[in-house]
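# Structure assessment
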Amino acid sequence: MENATRSTPYGSWPSPLSASDLAVAGTKIDGARYAAGGIWWSESVPQERGRMRVMRRDGEAAAQEVLRTPWSARSRVHEYGGGAWTVAEDGTLLFVDGESQRVHRLDPGSDAPVPLTAQGPRYGGLRVQQGRLFAVREDLRPDPHQRAIVEIPMDGSAAEDDSAVATILSGDGFFAHPALSPDGTRLAVVTWDVRRMPWEASEALVVDLATGTRAPVAGRAALQPEWLSDDELLFADDVTGRWNLRRARIGVQSAPPAPTPSATIEPFSVADADTGGGLWVLGQRWFRVLEDGRILAVRTNGSDALVLLDADGALLRELDVPFDGDLSLEDAHGSRVLITGQGRRVTPGLWELDLDAGVARAIRGGDPVDPAWVPGARPVTFAGPHGPVHAFDHAPANPDADADPHALPPYVVQVHGGPTAHSSGAQAGWITYFTSRGIGVLEVNYGGSTGYGRAYRERLDGQWGIVDVDDVLAAARGLADAGRADPARIAIRGGSAGGWTVLSALVRGGMFAAGLDRYGVVDLRLLAEETHDFERYYLDGLVGSLPEAEQTYIDRSPLTHADRIEVPVLILQGADDAVVPPSQSEAIRDALAARGVTHEYVLFEGEGHGFRQADTIIAAARAELRFLGSVFGFDPIP
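Residues numbered from 1 in each chain as written. Predicted model: local features only at pLDDT ≥ 70, side-chain atom pairs only at ≥ 80, totals over all residues. Heavy atoms only, no water.

All right, on to the overall build of the protein chain then. Broken down by element type, the protein chain carries 10 helices and 36 strands. Since a compact globule built from 638 residues should have a radius of gyration of about 26 Å, the 25 Å found for the protein chain is in line with a globular shape. Along the first, second and third principal axes, the C-alpha atoms of the protein chain reach 85 × 60 × 50 Å. Out of the 638 residues belonging to the protein chain, those deemed buried represent 59%. Restricting the contact set of the protein chain to residue pairs at least 6 apart, pairs at least 24 apart contribute 57%. (Helix = DSSP H or I, 4+ residues; strand = E, 2+ residues; numbered from the N terminus. Rg over C-alpha atoms; globule rule 2.2 N^0.38 Å. Buried < 20%, exposed > 50% of the residue type's maximum accessible area, 1.4 Å probe, protein only. Contact = heavy atoms within 4.5 Å.)

Now the structure itself:
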């Protein structure tokens, strides 16, 4: 008689991936540049409280740390930052100090950064062009708060004098993407009103630097203007319902008291995919113009693809690369392009893609994963009450474990934040942490997500708390009905706006056996009062304007209906979160405690909106696994 194979229950599979490994895998890369004969990039150091250091690698030599402790390059413009550093051709590093938010200069060979701006304003979106340093400035001292596109002198003359920083555009709205024309006479930027989000309505402007005159170029949801010549501008806009590349031919229209720039717009490259996305952080780039006139562009339709276009926008070819999620084309030199992102079969990283040689080499991260452990996400679509619901299914995978063939695995339904954001289906350490233990993960791109066009994104307009909840419920039911998940052991997990959907789905009841809420929104009126400028009017489009929609705010908020939550909830919160303050998580904690509902609340000191510190990443992962084990009845293996 043959020996029977001993099965291990789902959730109890032995995994080589520990919570401590996630802290290392949690390294984030923020931008990359070619300069001074080397490749530069910024990366987080979770073991140093998430400090962002700047690294340099010359040829095949080992990487060197350029920006050392205690310095950290991090911007807080719009709270989400981005573009916190750049580097000049001679290797001079320009960066935003994460503590003071002042811009500093670090000269080659020096360890002592020199301040370039005064105390007070925040800076981000740094960009050196033709030896000139442009940036986005945000000043929260006046009321209303002021923002601007500025030019910062690099000689230190503005270190104690705000007035020495040249203001090019200013106002109480928002700005991004400064781009200097080749002849140095014009600056193209993106701007949007304080009451709108950039994916709702934004426009590209061209400013004449000599006269200060300005003219709009385009304005549905413009992104990333880049000059093709002194008179031609390439940018992304979604007038077709997808973010596609468009070309503006810039002229001059005579009008008193000074000539005014004018623009003629034409399609450049049209596709049923997005070259663009939610402008949450400054500095992300979806296309690159190469020296020979060709254009490398990202096209997103669920996952990302890279396409090479000729100088007139015609498709030359789609590139076969291992990375296909959250791509940003950071810099280009000749036929080589630096790209950050992630993929279904590689770890997140930084790659150098040589277009002529057809080779992509990993500079940092980007390691292939073992398909036995990470077979890759499966794109799936479910029928929902508002239309199709797109998702990515990460099934449990472990070559060293077998489960009862008659059992179905538990699942975690993952809800991304934003809510105007996107899950790409890429491999992630936290996902493998679950799947290698026998817990599946379903990432749902509910209506309102980017990556599927404006119509899909606008499905959430006025319907936050309805469409997103309907869609995650439909996806979970669809997964269970397909026989891929145990219908009695499906949890829902999400952070920020995703946490809102977690709690709203638990209020609705009937599908999820537990909730993992990471710094989620619970009370819309409280959020409207406490949140930061960038999202102050976000709720107007998602729910309605106050005070007219106050009753809707009350009716939609999970806190209003906390008495309907009957399943266990784990709540994780950063103590220094300025986007969703701890008061939100503490309100739902108190409501659950008052009714005796099983819950845990963990407050992490020194953490903001999203967890960066190694100790926090480890503690949060262990708490989630322990919590799921207690709810679903398995013993997790450390």
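Still more ground to cover, so stick around.
With that settled, the discussion passes to the nonpolar core. By size, the foremost hydrophobic cluster in this structure holds 94 residues, and its most contacted members are L245, L442, V444, W464, I490, F512 and L539. Ignoring sequence-local partners within four residues, the contact set of L245 consists of L234, F235, A236, P267, F268, S269, T275, F287, I295, A297 and L309. Judged by nonpolar contacts, the second largest core, of 30 residues, contains A491, F604, I618 and A620. (Core = buried A, V, L, I, M, F, W, Y, C linked by side-chain atoms within 4.5 Å.)

Regions of empty space are outlined by a rolling probe, equal in size to a water molecule, passed over the atoms. What the second largest pocket holds in volume is close to 1200 Å³. Around the second largest pocket, the lining comprises 50 residues; the ones closest to its centre are E89, R127, R288, D331 and A332. A per-class count over the lining of the second largest pocket returns 22 nonpolar, 15 polar and 13 charged. (1 Å grid on protein atoms, 1.4 Å probe; cavity = no way out; pocket = protein on both sides within 12 Å on 5 of 7 lines; lining within 4 Å. Points joined across faces, edges and corners; volume = space filled by probe spheres on them. Nonpolar A, V, L, I, M, F, W, Y, C, P; charged D, E, K, R; others polar.)

Attention now goes to the environment of S229. Mapped onto the secondary structure, S229 falls in strand β17 (residues 223-229). With relative accessibility at 26%, the residue S229 sits in the partly exposed group. Residues S229 and R249, spaced 20 residues apart in sequence, show a C-alpha to C-alpha distance of 9.5 Å. Engagement of the side chain of S229 in a polar contact is seen with the backbone nitrogen of E232, the distance being 3.3 Å. (Polar contact = N/O pair within 3.5 Å; in protein donor to acceptor, adjacent residues only side chain to side chain.)

Moving on: the side chain of T86. Checked against the element boundaries, T86 lands in strand β5 (residues 85-87). Apart from the residues lying within four places of it in its own chain, the contact partners of T86 are R33, T92, L93, L94, L126, R127, V128 and L133.

In spatial order, the strands read β25-β26-β27-β28; together these four strands make up an open sheet with antiparallel pairing. Edge positions in the open sheet fall to β25 (325-333) and β28 (359-365), since each of these has one partner strand only. Averaged over all neighbouring strand pairs, the angle between strand axes comes to 25°, with direction disregarded. In this structure, β25 lies alongside strand β26 (residues 336-342), joined through six bridges in antiparallel fashion. (Pairing = 2+ DSSP bridges. Axes fitted to C-alpha atoms, helices over the stretch in contact; angles between N-to-C directions.)

Spatially, four strands are ordered β21-β22-β23-β24 in an open sheet, and the strand pairing comes out antiparallel. The open sheet has two free edges, formed respectively by β21 (287-289) and β24 (315-318), since each of these has just one partner strand. Across the sheet, the mean angle from the axis of one strand to that of its neighbour is 25°, orientation sign disregarded.

Where charged atoms from two side chains of opposite charge come close, those side chains can pair. Taken as a whole and judged by the stated rule, the model has 49 salt bridges. With a closest N to O distance of 2.9 Å, R127 and E226 form a salt bridge. Pair noted here: R127 is in strand β9 (residues 122-129) and E226 is in strand β17, with a separation of 99 residues, a long-range link. The exposure class assigned to R127 is buried, which follows from its relative accessible area of 14%. Among the ionic pairs, D272 bridges to R242, the shortest N-O distance being 3.1 Å. Here R242 lies in the loop between β18 (232-237) and β19 (244-253) and D272 lies in the loop between β20 (260-269) and β21, a separation of 30 residues in the sequence. Owing to a relative accessible area of 9%, R242 belongs among the buried residues under this scheme. A network of salt bridges, in which partner residues are shared, links R76, E79, R122, E138, R147, D533 and R536. (Salt bridge = Lys/Arg side-chain N within 4 Å of Asp/Glu carboxyl O.)

Below, the discussion takes up the environment of P409. With respect to the helices and strands, the residue P409 is situated in the loop between β30 (387-394) and β31 (411-415). Distance in space between the C-alpha atoms of P409 and T435 is 9.8 Å, their sequence separation being 26 residues. Beyond its immediate stretch of four places on either side in the chain, P409 contacts Y10, P396, G438, R484, A485, D486 and R489.

Positionally, R137 belongs in strand β10 (residues 132-139). No salt bridge is formed by the buried R137; the nearest opposite charge belongs to D162, separated by 5.4 Å. At 3.1 Å, the side chain of R137 and the side chain of T167 are in polar contact. R137 has contacts with P121, R122, Y123, Q146, R147, A148, V150, D162, V165 and T167, leaving out every residue within four places of it along the chain. (Lys, Arg positive; Asp, Glu negative; His and termini not counted.)

Let us look at the packing of helix α4 (residues 467-481) against helix α5 (residues 497-508). Closest axis-to-axis distance for the α4/α5 pair is 9 Å, and the angle between their directions is 70°. The orientation of α4 relative to α5 falls into the category roughly perpendicular. Packed against α4, whose contacting residues are D468, V469, D470, V472 and L473, the element α5 presents W500, T501, S504, A505 and R508 at the interface. Its residues assigned to classes, the contact of α4 with α5 comprises five nonpolar, two polar and three charged. (Parallel < 35°, antiparallel > 145°, perpendicular 65-115°, else oblique.)

Turning our attention to the pairing of strand β15 (residues 203-208). Most of β15 sits out of view: five of its six residues are buried. Sheet topology places strand β14 (residues 186-192) next to β15; six bridges connect them, and they run antiparallel. Residue pairing across strands places A188 opposite V206, the latter belonging to β15. Alignment of β15 against strand β16 (residues 214-218), held across four bridges, turns out to be antiparallel. Within β16, the position partnered with V207 by the bridge is R214. Between β15 and β16, which pair antiparallel one after the other, the connecting turn spans five residues, and G212 there sits at a positive phi close to 80°.

Turning next to the packing of aromatic side chains. Applying the stated criterion to the full structure yields 18 aromatic pairs. Seen from their ring centres, F174 and W192 are 5.6 Å apart, and the 15° between their planes marks the pair as stacked. Highlighted residues: F174 in strand β13 (residues 174-180) and W192 in strand β14, separated in sequence by 18 residues. Both residues of the pair, F174 and W192, belong to the buried class. (Phe/Tyr/Trp six-rings, centres within 6.5 Å; stacked < 30°, edge-to-face > 60°.)

For the rest of this paragraph, the subject is the confidence of the model for the protein chain. For the protein chain, the mean per-residue pLDDT works out to 93, and 97% of the residues sit at or above 70. Note on residues 1-5: pLDDT under 50 across the span, and one contact to partners over four residues away in sequence or across chains. (pLDDT = per-residue confidence, 0-100.)

Bringing the pairing of strand β3 (residues 51-57) into the picture now. With respect to burial, β3 is a largely interior element, seven of its seven residues being buried. Here β3 shows two buried faces, one formed by R51, R53, M55 and R57 and the other by M52, V54 and R56. Where strand β2 (residues 38-45) and β3 come together, seven bridges link them in antiparallel fashion. Across the sheet, the residue bridging to W41 is M55, located in β3. Here β2 hands over to β3 after five residues, with R49 in that stretch at a positive phi of 60°. Taking the residues between adjacent antiparallel strands as the criterion, β3 and strand β4 (residues 64-67) are bridged by six residues, where G59 takes a positive phi near 60°.

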